[in-house]
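Summary of the model geometry
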Amino acid sequence: MLNPNLPIMAKVISKTKIKMRPESLMMSYGYKPELSEGAVKCPIFQTSTFVFQTAEEGKSFFEVAYGKRALRPKEVTGLIYSRINNPDLEILENRLCLWDEAEDGAVFESGMAAISTTVLELLKPGDLLLHSEPIYGGSDHFFKHILAKFGIHSVGFMPNQSKEEIVTIIKSTGKAENLAMIFIESPANPTNDLIDMKMCVEIAKQFSTKDKKVITAIDNTFLGPVFSHPIKHGFDLVLYSATKYIGGHSDVIAGACVGSSILMKRIKSFRSIMGTMASPNTGWLLMRSLETLKMRMTLQAENAMRIADWLDKHPKVEKVYYLGLLKKGDKQYPIYKQQCLSPGAMISFDVKGGEKKAFKVLNALKLIKLAVSLGSTESLAEHPYSMTHSPVNDELKMKMNLTEKMIRLSVGVEYYEDIIADIEQALKKI
Ligand SMILES: *Cc1c(COP(=O)(O)O)cnc(C)c1O
């Protein structure tokens, strides 16, 4: 019988087992206080290794860790060594999976560690990787220069290209039968162009065979995990730079990958070998950040909508690139409606003039800090052409409207009128 003194919510849960939303579970899910002296919060398990109760136990933990046998019913994986597993990472991974409704997840010491470990595990020499353009600078270098060293080919497509055009690109490489992965970044940085996930899944199906499934992977850093759920649209893997919104305070570098348990098992084994897992301290910081993730992202997006509307009307601003400004007739509008739950908090805008004018504005900002990175509580501004996207070749920059007059803004949690006032006084300088 239910204890009549239990709070109402607990009664409801135990009677009906209602499904809780991720934001309600971020403070408690996966953590058992009775295993940690009753501490309400998960401690930092700052330990390299774990004591086995018996030699037999140690043997059986290793059998499972190295895939010699599957877990028996009711058996739980044993803790061995913090490169292989650690409670801060395991609890964090369980919580991260809730947002994307993923079967399993892995956290890494950086977004690039997540991307490189995942891609290296799943691709082999001779394979072809298709990716959207533009792509994060680190991923771009990794695909075009590092994978090439291992005989893995890569080819890009632009956000405005049709399915037919993309299929033609794949075929023109002469390696269509070796297509192994489609990797996209949507919305694209810094222009907020969307890539149609449904179309990518269809292309992957078209090039999959009985023995080989073309894997679909997305860098969901900009809108996820709150405003975009690619697994629901058929994607296999979702990657994050957790340095950005998930961490959210510009004080930690981290990454994550979530997806099916079959793929995640391979990725986690490879992570143990490469040693690219996150530290216990990083895991703990991210758990703390996840508690406020929805709240932060919701307020940041609300702020961004107001700022984008204001920028759009400003006489010294030529063009604003923001998902919230898409209108019904726009080509990207149906894709936005289909796969985004909010326009998010990344805005780019062109000032009238060139680099000189853009720099003048950037140098005049006071509240907004002049720095790369994004997704944090404080607003940040930068100049993509000469900073984050300086290695991108000029032709590609022109094709994607990335010019010297563009400023990228990551909107924080400050009061929106104060952010607007800061931009207003900076725009007055030109
Ligand atoms: C920052 C970023 C990365 C790289 O993440 P790190 O945590 O810096 O390694 C990858 N993709 C996107 C979209 C990013 O913004």
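Conventions adopted
Residues numbered from 1 in each chain as written. Predicted model: local features only at pLDDT ≥ 70, side-chain atom pairs only at ≥ 80, totals over all residues. Heavy atoms only, no water. Phe/Tyr/Trp six-rings, centres within 6.5 Å; stacked < 30°, edge-to-face > 60°. Buried < 20%, exposed > 50% of the residue type's maximum accessible area, 1.4 Å probe, protein only. Helix = DSSP H or I, 4+ residues; strand = E, 2+ residues; numbered from the N terminus. Arc of directions from axis to C-beta. Pairing = 2+ DSSP bridges. Axes fitted to C-alpha atoms, helices over the stretch in contact; angles between N-to-C directions. Contact = heavy atoms within 4.5 Å. Near = heavy atom within 4 Å. Polar contact = N/O pair within 3.5 Å; in protein donor to acceptor, adjacent residues only side chain to side chain. Areas by Shrake-Rupley, 256 points an atom, 1.4 Å probe, with all protein chains shown as cover. Nonpolar A, V, L, I, M, F, W, Y, C, P; charged D, E, K, R; others polar. Domains from an automatic or database assignment. Buried area = accessible area lost by both parts, 1.4 Å probe. Salt bridge = Lys/Arg side-chain N within 4 Å of Asp/Glu carboxyl O. Left-handed = near helix turned anticlockwise from the far one by under 90°.

Attention now moves to the packing of aromatic side chains. Any two aromatic rings considered together are summarised by their centre-to-centre distance and by the angle between their planes. Summed over the entire model, instances satisfying the criterion amount to six aromatic pairs. Relative to phenylalanine 61, the ring of phenylalanine 52 lies with its centre 5.8 Å away and its plane at 75°, an arrangement referred to as edge-to-face. Look at phenylalanine 61 and you get buried, because its relative accessible area is 15%. Taking the centre distance of 5.0 Å and the plane angle of 40° together, the rings of tyrosine 415 and tyrosine 416 count as tilted. In this structure tyrosine 415 comes out as partly exposed when scored by relative accessible area, which is 48%. Connected via pairs of aromatic rings, a cluster forms that spans Phe52, Phe61, Phe62 and Tyr66.

Turning our eyes to something else, we now look at helix 3 (residues 55–65). All buried positions along helix 3 are accounted for by Gly58, Ser60, Phe61 and Val64. Projected down its long axis, helix 3 shows its buried positions confined to an angular sector of 165°, all on one face. In this structure, helix 3 carries Ala55, Glu56 and Lys59 as exposed residues pointing more than 90 degrees from its buried face. In the segment just after helix 3, glycine 67 is the residue with positive phi, at about 70°.

Overall, mixed pairing links the seven strands, which are arranged 1-7-6-5-4-2-3 in an open sheet. Either end of the sheet is taken by a strand with one partner, and the two such strands are strand 1 (104–108) and strand 3 (153–157). Across this sheet, the average inter-strand angle for adjacent strands is 20°, counted without regard to direction. Sheet analysis places strand 4 (residues 179–185) next to strand 5 (residues 215–219), joined by five bridges and oriented parallel. Bridged to isoleucine 182 within strand 5 is threonine 216. Together, strand 1, strand 6 (237–241) and strand 7 (255–259) form the strand contacts of helix 4 (residues 87–100), whose direction differs from that of strand 1 by roughly 120°.

So, about the environment of alanine 426. The topology assignment puts alanine 426 in helix 15 (residues 416–427). Each C-alpha atom of the pair alanine 426 and leucine 362 lies 7.4 Å from the other, and the pair is 64 residues apart in sequence. Residues in contact with alanine 426, not counting those within four places in the same chain, are Val361, Ala364 and Leu365.

The five strands are arranged 8-9-12-11-10 in an open sheet whose pairing can be described as mixed. Of all the strands in the sheet, just strand 8 (317–321) and strand 10 (369–370) have a single pairing partner and so form its edges. Bridge count for strand 8 against strand 9 (residues 346–351) is four bridges, and the pairing is antiparallel. Of the residues in strand 9, the one forming a bridge with lysine 319 is aspartate 350.

Once that is clear, we can look at the pairing of strand 1. In terms of residue burial, strand 1 counts as a mostly covered element, since five of its five residues are buried. The alternating pattern of strand 1 places Asp104, Ala106 and Phe108 and Gly105 and Val107 on opposite faces, both of which are buried. Where strand 1 meets strand 7, five bridges bridge the pair, whose relative direction is antiparallel. Counterpart to glycine 105 in the pairing with strand 7 is valine 258.

Attention now moves to the site of the ligand. Around the ligand sit 14 residues, and of these Gly111, Met112, Asp219, Thr243 and Lys244 come closest. Between the ligand and the protein, one listed contact pairs an oxygen atom with a backbone N or O atom of methionine 112 at 2.8 Å. In this structure, an oxygen atom belonging to the ligand sits 2.7 Å away from a side-chain N or O atom of lysine 244. In isolation the ligand exposes 380 Å². Once the protein is present, 93% of that is buried. In terms of residue class, the shell around the ligand is built from six nonpolar, five polar and three charged.

This paragraph deals with the domain arrangement of the chain. Partitioning the chain into domains gives domain 1 (105–281) and domain 2 (293–427). Residue-level contacts link 33 residues of domain 1 with 41 residues of domain 2. For the pair domain 1 and domain 2, the two sides together bury roughly 3,200 Å², of which 63% comes from carbon and sulfur. Of all residues in domain 1, Leu194, Phe227 and Tyr245 give up the largest surface area on contact with domain 2, accounting jointly for 25% of the area buried on that side. Inspection of the region where domain 1 meets domain 2 yields zero salt bridges. Our count for the contact surface shared by domain 1 and domain 2 stands at 16 residue pairs in polar contact (both at pLDDT 80 or more). Looking at side-chain class alone, the side of domain 1 that touches domain 2 contains 14 nonpolar, 14 polar and five charged residues.

Viewed as axis vectors pointing N to C, helix 4 and helix 10 (residues 280–290) meet at an angle of 35°, and their least axial separation amounts to 8 Å. Considering how the two elements wind past one another, helix 4 and helix 10 form a crossing that is left-handed. Residues Asp88, Leu89, Ile91, Leu92, Arg95, Leu96 and Trp99 of helix 4 form the contact with helix 10, whose participating residues are Pro280, Gly283, Trp284, Leu286, Met287 and Leu290.

On inspection of all chains with the given rule, the structure shows 18 salt bridges. Taking the shortest distance from any N to any O, the salt bridge between lysine 294 and glutamate 23 comes out at 2.7 Å. Linking lysine 294 in helix 11 (residues 293–313) with glutamate 23 in helix 2 (residues 22–25), this pair joins segments that are 271 residues apart in sequence. A relative accessible area of 26% places glutamate 23 in the partly exposed class. What emerges from the salt-bridge pattern is a single network uniting Glu93, Asp104, Lys268 and Arg271.

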